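Single-letter residue listing:
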Amino acid sequence: MSKPVSPSAALPIAHVVLRILIILNWVGGAAILALLVVMPNEQWIMSAFKLAPSPDAARVVMGLRAVAVLGLAVIPLNYGILKRLLAMVETVRAGDPFVAANASRLQAIAWALLTLQLLSIVIGTIGKAISSPAHPVDLDAGFSINGWLAVLLTFLLARVFAEGTLMRDDLAGTV
């Protein structure tokens, strides 16, 4: 076990921010679910987006519903990422971040980030498919170089943590 590190203001702040983000994630999920279940009325959606009844408008409504369903899939992914980050913050607070569990957590986070990037591409594709000059749809989704770099970095960091843990365990065994 490593010796405890000096207290840092960043750790309590990170702990609180992650807890708040977990709550906001669930609130966002509830809002999306409410939009899908409580207000599935096509007329309400058309008036909210100022769409005149037409085949084009019906396509936009179907696309927006599909995006909302995919938005629901994002909620558990975000929750998994946030809970694992919170657990990692706790190991840092305890003074022992280089443990196998953190390597495993980073690996799971990387897979979740990869899934989020793929979902973003699907959502962006839906947005482009339903958008027209009469009804433009801009979803701010699709390919993100920064998102893909984050995926690669997280996979790499997971491997670094795994190797660091093995090296530390080997060193502890030889001393």
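Here the structure is a predicted model, which is why all the values come from computation and not from measurement.

Criteria and thresholds
- Residues numbered from 1 in each chain as written.
- Predicted model: local features only at pLDDT ≥ 70, side-chain atom pairs only at ≥ 80, totals over all residues.
- Heavy atoms only, no water.
- Helix = DSSP H or I, 4+ residues; strand = E, 2+ residues; numbered from the N terminus.
- Rg over C-alpha atoms; globule rule 2.2 N^0.38 Å.
- Buried < 20%, exposed > 50% of the residue type's maximum accessible area, 1.4 Å probe, protein only.
- Contact = heavy atoms within 4.5 Å.
- Areas by Shrake-Rupley, 256 points an atom, 1.4 Å probe, with all protein chains shown as cover.
- Lys, Arg positive; Asp, Glu negative; His and termini not counted.
- Charge placed at Lys NZ, Arg CZ, Asp CG, Glu CD.
- Salt bridge = Lys/Arg side-chain N within 4 Å of Asp/Glu carboxyl O.
- Phe/Tyr/Trp six-rings, centres within 6.5 Å; stacked < 30°, edge-to-face > 60°.

Caption draft 1: Examining the overall build of the protein more closely. Check the secondary structure of the protein and you find 5 helices and 0 strands. Going from N to C terminus, the protein has its helices and strands arranged as α-α-α-α-α. For the protein, the C-alpha radius of gyration of 21 Å lies well beyond 16 Å, the compact-globule estimate for 175 residues. With the principal axes as the frame, the protein shows a C-alpha extent of 75 × 25 × 25 Å. When burial is assessed residue by residue, the protein has 34% of its 175 residues classed as buried. Counted over contacts in the protein with a minimum sequence separation of 6, partners at least 24 positions apart contribute 76%. If you sum the accessible surface of the protein, you get close to 10,700 Å²; carbon and sulfur atoms cover 73% of it. Looking at charge distribution, the protein has the averaged site of its 12 positive side-chain charges lying 5 Å from that of its 9 negative ones.

Caption draft 2: Highlighting the environment of I22. Within the fold, I22 resides in helix α1 (residues 10-37). Given the relative accessible area of 10%, I22 is considered buried. Look past the residues within four positions of I22 in its chain and what remains in contact with it is Y79, L82, K83 and L86.

Caption draft 3: Highlighting the environment of D169. Positionally, D169 belongs in helix α5 (residues 145-174). Residue classification places D169 among the partly exposed residues on the basis of a relative accessible area of 42%. As for D169 and G28, which are separated by 141 residues in sequence, their C-alpha atoms are 42 Å apart.

Caption draft 4: Region of the structure containing the pattern of salt bridges. The full count for this structure, using the stated rule, is 2 salt bridges. Close ionic contact of R93 with E90 constitutes a salt bridge, the shortest N to O distance being 3.3 Å. Highlighted residues: R93 and E90, both in helix α3 (residues 55-93), separated by 3 residues, approximately one helical turn. With a relative accessible area of 41%, R93 lands in the partly exposed category. A relative accessible area of 33% means that E90 is categorised as partly exposed.

Caption draft 5: Quick peek at the side chain of T154. Among the secondary structure elements, T154 is positioned in helix α5. T154 sits in the buried class, given a relative accessible area of 12%.

Caption draft 6: Structural detail: unusual backbone geometry. You will see that D140, though not glycine, has its phi angle at about 55 degrees, which is positive. The topology assignment puts D140 in the loop between α4 (100-130) and α5.

Caption draft 7: Seen up close, the packing of aromatic side chains. Within this structure, the stated rule accounts for 4 aromatic pairs. When the centroid spacing of 5.0 Å and the interplanar angle of 85 degrees are considered together, the rings of W111 and F155 count as edge-to-face. Note that W111 is positioned in helix α4 and F155 in helix α5, a separation of 44 residues in sequence.

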